[in-house]
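Remarks on the overall topology
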Amino acid sequence: MIDLNEWSPDPYILVLTGLGILIALVAWLPLALKRLPLSLPIICIALGAALFLAPQVSDQPLPFTYPEFTERFTEFVVIIALMGAGLKLDRVFSWRRWGVTWRLLALTMPLSIVAITLIGVWGLSLSLPVALLLGASLAPTDPVLAADVQVGPPKTGQEDKVRFGLTSEAGLNDGLAFPFVNLAIALSLAATTKEPWLGTWILHNVLWEIGAGIVGGWLVGRLFGWLTFRIPADTRLSQTGDGLIAIAATFVSYGLTEMIECYGFLAVFITALTLRQAHREHDFHREMHDVTEQVERLAMMILLVLFGGALVSGLLAPLRAIDVVAALVILLIIRPFAGLIGLLGFKASWREKLTLAFFGIRGVGSFYYLAYGLNHMPVEGGERLWAIVGLVVLLSVLIHGLTVTPIMRLLDRSQGRDPDSEGLPPPGLQGPAS
């Protein structure tokens, strides 16, 4: 018999058991929450909060206590999500067919960065470099937490204007926000060293890192596309039936492009798009996507459990009243208005434009950029920045998580689609795939 008074399980066994439960939830919760106004991230954060409130758990997973781990783990989650997002997209790449993406990238994101930076300087009394870091961290939408508003798996045709726009935006703006993070770092260091920074920032951080990231990602995608689909049938990678090839492509693309100092986030998404186009109708794309999605969901759940633990460990303690107001303004005013400005003249219904503008979900990408910035520039009051970003992500998870199911179901019904249909969507939802 077990003496409950002396019972003290091995921590390793507890972790193993908890990980098993977490994996089971990864597989089951998306199905259970399909028609409910709840999202998987909400459940994960609640589980994390409950776990770290337990008296037996004394650790506090605060991001500023473990800065290197925070940067690297969030980096890992984002690159896996970027590969998954790129593999989902059925739509052939072109300037015209991707028009909604360019609007959200060229207009909505820069407007959001400028507006958040101004709030940081004038409303939150932050220095310009720190305010710019905050703006660059909170402007990009998130490829990790936005699964409920993204397109479906490859070849399912679930690709209307809203889903395609939000998926492609999340895939590209996580890389294109990096120049603004580097600008914040350059301004911060220049204030100390008084050395010129503008030329280096333009030539290296903008032109080289974006250009080389695109070319490098394309080359890796072409290589993996050839190895997967084009070489003789007995040796091509698609014959393995193992979707882990997508994870390999993710790591190779990110690693090689980071070695030459360019934007690995951008490279991974370009690699995914290029690999997707290598043989667009091959069923192996579904295998690669499914494995990537499983790894992404598991990593996301672990991260959000830790986020829930950070929330109950005092992550939001440094917040001031003005910080709470700023967080609400960023989510409910800046993103929707910047989104609507970017969509002026875009051929879509008002429901589609409002949905595109509203679902500017913030999440793991914001955590990564803030961690990266704080690890590369001198900042006083980093705990307050973490509190602000943590609050924005928490509010985004709650507001968008509670509204995504009813809003997307309403949008589908307004366009003559049955949101409960288990089969392929009607032609109107398939998008211009060819």
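Just so we're clear, the structure is a prediction, and the values are computed from it rather than from any experiment.

1. Digging into the environment of glutamate 287
Mapped onto the elements, glutamate 287 comes out in helix α11 (residues 284–312). C-alpha of glutamate 287 to C-alpha of alanine 246: the two residues are 41 residues apart in sequence and 9.0 Å apart in space. Apart from residues no more than four positions distant in its own chain, glutamate 287 is found in contact with Gly241 and Gly243.

2. A few points about the packing of helix α6 (residues 161–176) against helix α13 (residues 350–358)
For the pair α6 and α13, the least separation of the axes is 9 Å and the interaxial angle reads 25°. When the interaxial angle is binned, α6 and α13 end up roughly parallel. In terms of crossing hand, the pair formed by α6 and α13 is right-handed. Residues Lys161, Val162, Gly165 and Leu166 of α6 touch α13, and the partners they reach there are Glu352, Thr355 and Leu356. Within the contact of α6 with α13, the residues separate by chemical class into three nonpolar, two polar and two charged.

3. Things to note about helix α14 (residues 364–376)
For α14, built from 13 residues, the straight-helix expectation of 18 Å at 1.5 Å per residue is met to within 8% by its first-to-last C-alpha distance of 18 Å. Summarising burial for α14: 11 of the 13 residues are buried, a large majority.

4. With respect to the confidence of the model for the protein
Averaged over all residues, the pLDDT of the protein is 87; the fraction at 70 or higher stands at 90%. Counted against residues more than four places away or in other chains, residues 423–434, with its pLDDT under 50, gives 27 contacts.

5. Topic: the nonpolar core
Counting 116 residues, the largest nonpolar core has Leu134, Met301 and Phe307 as the members making the most contacts within it. Looking at which element gives the most residues to this core, the answer is helix α15 (residues 382–414), with 13 residues. In this view, leucine 134 contacts Ile116, Leu124, Leu126, Leu385, Ile388 and Val389; residues no more than four positions away in its chain are not counted.

6. Focus on the packing of aromatic side chains
Considering all chains together, one arrives at 22 aromatic pairs under this definition. Between tryptophan 95 and tryptophan 102 the ring centres are 4.7 Å apart and the planes differ by 45°, which places this aromatic pair in the tilted class. Arranged with centres 5.0 Å apart and planes meeting at 90°, the rings of phenylalanine 178 and tyrosine 372 form a pair that is edge-to-face. Here phenylalanine 178, found in helix α7 (residues 178–193), pairs with tyrosine 372, found in helix α14; they are 194 residues apart in sequence, far enough to count as distant. Like phenylalanine 178, the residue tyrosine 372 is buried in the burial classification. By the ring-pair criterion, three or more aromatic residues cluster together here, those being Phe178, Tyr254, Tyr263, Phe265, Tyr368, Tyr369 and Tyr372. Geometry around phenylalanine 346 places lysine 161 over its ring, the cationic atom sitting 5.9 Å from the centre.

7. Some remarks on the side chain of aspartate 323
Counting through the fold element by element, aspartate 323 comes out in helix α12 (residues 321–342). Looking at aspartate 323, the relative accessible area reads 0%, which means it is buried. Looking at aspartate 323, its side chain comes within polar contact range of the side chain of arginine 384, at 2.6 Å. Beyond its immediate stretch of four places on either side in the chain, aspartate 323 contacts Leu124, Pro318, Arg384, Ile388 and Leu391.

8. Section: unusual backbone geometry
Of note, serine 125 is a non-glycine position whose phi angle comes to about 60°, a positive value. Along the chain, serine 125 falls in the loop between α4 (99–123) and α5 (128–138). The exposure class assigned to serine 125 is exposed, which follows from its relative accessible area of 62%. The backbone phi angle of glutamate 261 is positive, close to 60°, even though this residue is not glycine. The topology assignment puts glutamate 261 in the loop between α9 (244–259) and α10 (264–278).

9. Some thoughts on the pattern of salt bridges
Under the counting rule described, the total for this entry stands at eight salt bridges. For aspartate 90, the salt bridge identified is with arginine 276, shortest N-O distance 2.3 Å. Pair noted here: aspartate 90 is in the loop between α3 (67–88) and α4 and arginine 276 is in helix α10, with a separation of 186 residues, a long-range link. Sharing partners across several salt bridges, the network here consists of Asp160, Arg163 and Asp412.

10. Considering the packing of α3 against α10
Look at α3 against α10: their axes get within 7 Å of each other, and the N-to-C directions meet at 25°. Classified by the angle between their axes, α3 and α10 sit roughly parallel to one another. In this structure, α3 crosses over α10, and the sense of that crossing is right-handed. Each of Glu75, Val78, Ile79, Leu82, Met83, Ala85, Gly86 and Leu87 in α3 lies in contact with α10, whose residues at this interface are Phe265, Val268, Phe269, Thr271, Ala272, Leu273, Leu275 and Arg276.

What counts, and where the lines are drawn
- Residues numbered from 1 in each chain as written.
- Predicted model: local features only at pLDDT ≥ 70, side-chain atom pairs only at ≥ 80, totals over all residues.
- Heavy atoms only, no water.
- Helix = DSSP H or I, 4+ residues; strand = E, 2+ residues; numbered from the N terminus.
- Contact = heavy atoms within 4.5 Å.
- Axes fitted to C-alpha atoms, helices over the stretch in contact; angles between N-to-C directions.
- Parallel < 35°, antiparallel > 145°, perpendicular 65-115°, else oblique.
- Left-handed = near helix turned anticlockwise from the far one by under 90°.
- Nonpolar A, V, L, I, M, F, W, Y, C, P; charged D, E, K, R; others polar.
- Expected span 1.5 Å × (residues − 1).
- Buried < 20%, exposed > 50% of the residue type's maximum accessible area, 1.4 Å probe, protein only.
- pLDDT = per-residue confidence, 0-100.
- Core = buried A, V, L, I, M, F, W, Y, C linked by side-chain atoms within 4.5 Å.
- Phe/Tyr/Trp six-rings, centres within 6.5 Å; stacked < 30°, edge-to-face > 60°.
- Lys NZ or Arg CZ within 6 Å of the ring centre and 35° of its normal.
- Polar contact = N/O pair within 3.5 Å; in protein donor to acceptor, adjacent residues only side chain to side chain.
- Salt bridge = Lys/Arg side-chain N within 4 Å of Asp/Glu carboxyl O.

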